[in-house]
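Below are the chains, spelled out letter by letter.
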Number of protein chains: 2
Amino acid sequence: MKIALAQLNYHIGNFADNKRKIIRKIQRAEKAGVDLVVFAELAISGYPPRDFLEFEDFVKRCNTAIDEIAAHCTKTAAIIGTPVFNPNKKGKPLYNAAAFLWKGKVRKHFLKTLLPNYDVFDEYRYFEPNRHFKILTFKGFKIAVNICEDLWNVTENPLYTINPMDEVIGMKPDFIINIAASPFNYHQIDIRTEVLRKNATKYHLPLFYVNHVGAQTELLFDGGSLVMDSKGKILDEMAYFKEDFRVYELDDILQGRVIRGITNQRPVIGMIHDALVMGIRNYFKKLGFGRAILGLSGGIDSAVTAVLAAKALGPGNVYNVLLPSRFSSGHSVTDAVNLANNMDMPYDIIEIEKPFRAFEETLKPFFKGLPFDVTEENLQARIRGVILMALSNKFGYILLNTSNKSEGAVGYGTLYGDMNGGLSVLGDVYKTQVFELARYINRDSEIIPENIITKPPSAELRPGQKDTDSLPDYESLDEILYQYIEKRQGPKEIIEMGFDEKLVRRILKMVNTNEYKRDTSYFKGIVQSFWYGPEDAHRG
Amino acid sequence: MKIALAQLNYHIGNFADNKRKIIRKIQRAEKAGVDLVVFAELAISGYPPRDFLEFEDFVKRCNTAIDEIAAHCTKTAAIIGTPVFNPNKKGKPLYNAAAFLWKGKVRKHFLKTLLPNYDVFDEYRYFEPNRHFKILTFKGFKIAVNICEDLWNVTENPLYTINPMDEVIGMKPDFIINIAASPFNYHQIDIRTEVLRKNATKYHLPLFYVNHVGAQTELLFDGGSLVMDSKGKILDEMAYFKEDFRVYELDDILQGRVIRGITNQRPVIGMIHDALVMGIRNYFKKLGFGRAILGLSGGIDSAVTAVLAAKALGPGNVYNVLLPSRFSSGHSVTDAVNLANNMDMPYDIIEIEKPFRAFEETLKPFFKGLPFDVTEENLQARIRGVILMALSNKFGYILLNTSNKSEGAVGYGTLYGDMNGGLSVLGDVYKTQVFELARYINRDSEIIPENIITKPPSAELRPGQKDTDSLPDYESLDEILYQYIEKRQGPKEIIEMGFDEKLVRRILKMVNTNEYKRDTSYFKGIVQSFWYGPEDAHRG
């Protein structure tokens, strides 16, 4: 028997495109003599469909698309993720299902039991958990078909009181097929491999794992679908950050023959780099946009953002605007110009002095001689935001936000100013990682001028300003932020780790009191405009 | 036996204040010879505590506070909502509990079984559902103690496969105590009463129901705690939109004696009015702010916002800024000035012409003679936003956003312009309701000048502009938005209701393609800064 895995980049609510993609792979599989081709979790809707699932019509359109796909599964069977209605009167109205398509029809649904509802996941909001267990019998093989989280309850303190594999293992399956929607984070590849390995070894079964690839605004799927033998050895690993399609002889897998093995070993920062480039490219493409604009300050954040955007969209499609004020240093402009020239990106220099003076004059009678303070600093950042948005409105550029996660966390940024933007490229990247990214970008030749990387970070909103005037050094800041944000450690625990108590309290207070600035600089859910079909994509 | 209900306004993470409030009521209850005093769901943490629940330290502090309160429950017992740790290795780490405190100690926990995870609720993210059922035996009575949603599974298509009251009814309880955190919406009072009535009559038991009151940024709790007899008759109804404390003779309730009955019958628009005033007042007070600023345009949205703010904070604390441009009509300024004078609110007039011209000049070389378009309209709105934020930064005012829900839904507003603001007062109020609110405000005398209510709505961003140039009339718009947003009806269903197909498709397309503008004009979770104690409140 031949099994194919299709790792595809779906588009939420874009049924026409998703369907076309899937059918094309079924046809390819059929040509290759494949018996069963496997697609990812909720492939037909894209993941995460979120509140679209609350609209009956949306779910009906998923099912109609699945029926149309089934008509193409005459010889080759397929497993595809889709939401289905719960036929029972009790419980939530939907199940998260793996549909088994064969001989022109949907033959069976395998329902998801464990519904993740933490971090980026919200599945219990929409889906009823499965309680009835079965396996798939196909061409003489018994297959345990399950969905993503169904395999993840293998920790020491299991989150769920049930393990779906325990329920079907008595039915003696020959192997496992798990369809997933498992987003990228820079620890995820190791964690995911470990979880799959625990299952393979615990149940002594080989395992086919199919993930999504591509970006859905703030979620990045890295792909990395894989095949593992019953001893937990990776027999084959599919591409990261691009679509892939591979055919396997089941016999090879059951025998534990290594196909290509692990092929994607790379430094973490390289993975982050590729993830961000893919994220920008998909964001623009799925929304029907082509060109980005950003404020290039001469600092490291906007430099890295510009380079990533140039790699994603082509340098000619990244319009860099230098917006110097009376406080900008000479090197800021020359550094920024050098970067734009190194990458062959268009740029303009627009002085903000005129509007700055006009605001000063307009506000003078109301400010009553009060001294220059954070108000005037914010004013400059907001004037820049207004100019960038005006160019965006006039010419249809999408503004890229250039803030990093560290400054976002402590609120070091101006709301409605430098926090503006349609996509926050570095919004989930700590400042120390931004430096790593710059070094990675320059690994072969100097793309980002060295001076941008080595000079002390500054917002240049008043004379001689440095980030370190109001922030701790970024190494300490990022370590403490990591414990608080990623590890959910409270002040007491972080201090007990040996960090300076005053510093910890100061940083956590900044994080908490600046909560109001976050979650405002992201455009959310804009991809969902595709529900009505690609002709309705947002273009203006 | 005497039972007291305490309907209080808690503050998320402000353990000191919440504890003090609760202890004061226990002391008052003891003086009144009360046997058992009942507080709301998750009273000790405030509701919703959200991701604070992911921090062990936060939950420990809840439990420490409960222990300290228990020391005050020597004679009078208390039931108080609190998160508790799940002692089992399996399942989520917490339960949502009702702690029973008596004779100086926590004696029992009653755990929540049904965890709402829809609409504003996210409880399954944090809590494990209860599976073991018991009742409280206290002074010869058997009491079914449960928590909010536990009583809500009484619809025709129940969301959950279990009913906690079915599990305990065999233990023959004498009455029900339900502690809740049930937010206000303008249908909620009827729905809530109906749900409680179904339980009272289904199980033939009287019912004590205790709700929260007060605002937690975007959630408004209306209070309206009540006592019902076993036939579903309301024996007493506590205050709406303010704290309340009442003592009942259990015998009266068991006998079905009407205490005061229903006392709060009022028009829906009056409830909305009071809810918004409470919301503004609580938002400012809980954050330690005192003074608001807003752009008073002469239109109805900013007029209603200003009046609500004046009622919440005192007219002297609402600073109105008129920001006329070259396109503003004369009546806009006079109408706005008349309103400010009617309410005795301070105001200033700041012309935006100078910065507008400065931006035009600065951008001229880059705009290359292209005609005036939405860019220049947005520019004016953004200049206003910059001026309001500058005044906010300089003097510590909090900017109120004045957009309504209808324009927010269809994206009729300028991102980083008139969508700016710390609190979106009318963000959940449709335009037709804004008119109703204006009429309600003027019910006794003309506070909002009649001309503001009757003139055609206009953004005044170009000569002769009217809202109806780009929007349908607000009656049709709101009806269609209501079906789409509140009722989750898709395009097909709404068209089948008889609405014009072109209009429906146009409106839903606007809603979808403008998703990116929403969720950016709210400051979220700022109240959570109180975790570290009131001294850490955000003040600048």
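See the structure printed just above.
Here the residue numbers are simple positions, counted from 1 along each chain's written sequence. Chains carry letters from A onward and ligands carry numbers from 1 onward, assigned in written order. Since the coordinates come from a predicted model, pLDDT governs what is reported: local features require at least 70, and pairs of side-chain atoms require 80 or more to be given and counted, while whole-chain, interface and lining totals use all residues.

Peer 1: I tried to follow the environment of S182 of chain A on my own but got confused; where do I start?
Peer 2: Put simply, DSSP H or I for four residues or longer makes a helix, DSSP E for two residues or longer makes a strand, and each gets a number counted from the N terminus. Mapped onto the fold, S182 of chain A is located in the loop between strand 8 (175-179) and helix 4 (188-203). Ignoring any residue separated from it by four or fewer positions in sequence, one finds S182 of chain A in contact with C148, Q188, R192 and N211 of chain A. Whether two residues are in contact is decided by their C-beta atoms, placed from the backbone, lying within 7 Å.

Peer 1: Got a minute to help me understand the relation of the copies chain B and chain A in this structure?
Peer 2: In summary, the two copies of the chain are related to each other by a rotation about an axis coupled with a shift along it. Copies are brought into register by a least-squares superposition over C-alpha atoms of residues with pLDDT of at least 70 in both. Between the two copies, chain B and chain A, the superposition gives an RMSD of 0.0 Å; the rotation angle is 180° and the shift along the axis is 0.0 Å. Those values place the two copies in the arrangement expected of a two-fold rotation axis.

Peer 1: Honestly, the sheet that holds strand 13 (residues 234-237) of chain A in this entry has me stumped. Any pointers?
Peer 2: Strands pair in a sheet through their backbones, by hydrogen bonds, and they do so in one of two ways: parallel or antiparallel. Residue and element names in this part refer to chain A. Two strands form a pair only when DSSP identifies at least two bridges running between them. Reading across the sheet, the six strands line up as 6-7-8-9-12-13 and stay open at both edges, with mixed pairing between neighbours. One side of each edge strand has no neighbouring strand; the edge strands of this open sheet are strand 6 (136-138) and strand 13. Neighbour-to-neighbour, the strand axes of this sheet turn through a mean angle of 20°, independent of strand direction. Sheet analysis places strand 9 (residues 207-210) next to strand 12 (residues 226-228), joined by three bridges and oriented antiparallel. Pairing of L207 across the sheet is with M228, part of strand 12. Against the sheet, helix 4 contacts strand 8, strand 9 and strand 12, and its axis sits at roughly 155° relative to strand 9. Axes here refer to lines fitted to C-alpha atoms; in helices the fit is confined to the stretch in contact. Angles between the N-to-C directions go from 0 to 180 degrees.

Peer 1: What am I meant to see in unusual backbone geometry here?
Peer 2: Most peptide bonds adopt trans geometry, and most residues besides glycine take a negative phi value. In this structure, the amide linkage connecting Y47 of chain A to the following residue, P48 of chain A, adopts the cis form with an omega of 0°. For P48 of chain A, the position within the fold is in the loop between strand 2 (36-38) and helix 2 (56-70). In the Ramachandran plot, E460 of chain B falls in the positive-phi region, its phi being about 50° despite a non-glycine side chain. Residue E460 of chain B is classed as buried on the basis of its 21 C-beta neighbours within 10 Å. Here a residue counts as buried when 20 or more other C-beta atoms sit within 10 Å of its C-beta, as exposed when there are 12 or fewer, and as partly exposed otherwise, the C-beta atoms being derived from the backbone.

Peer 1: Explain the interface of chain B and chain A to me, please; I cannot follow it from the model alone.
Peer 2: By a frequent convention, interface size equals the accessible area lost on bringing the separate parts together. Across the contact, 66 residues belong to chain B and 66 residues belong to chain A. Among the elements of the structure, helix 2 (56-70), helix 9 (353-367), helix 10 (374-395), helix 15 (491-496) and helix 16 (501-513) of chain B are those that each provide at least two residues to the side of chain B that touches chain A. Here the element with the most residues in the side of chain B that touches chain A is helix 10 of chain B; it accounts for 13 residues. The nonpolar class holds Ala, Val, Leu, Ile, Met, Phe, Trp, Tyr, Cys and Pro. Asp, Glu, Lys and Arg form the charged class, and all remaining residues, Gly among them, are polar. The residue makeup of the side of chain B that touches chain A, split by class, is 27 nonpolar, 19 polar and 20 charged.

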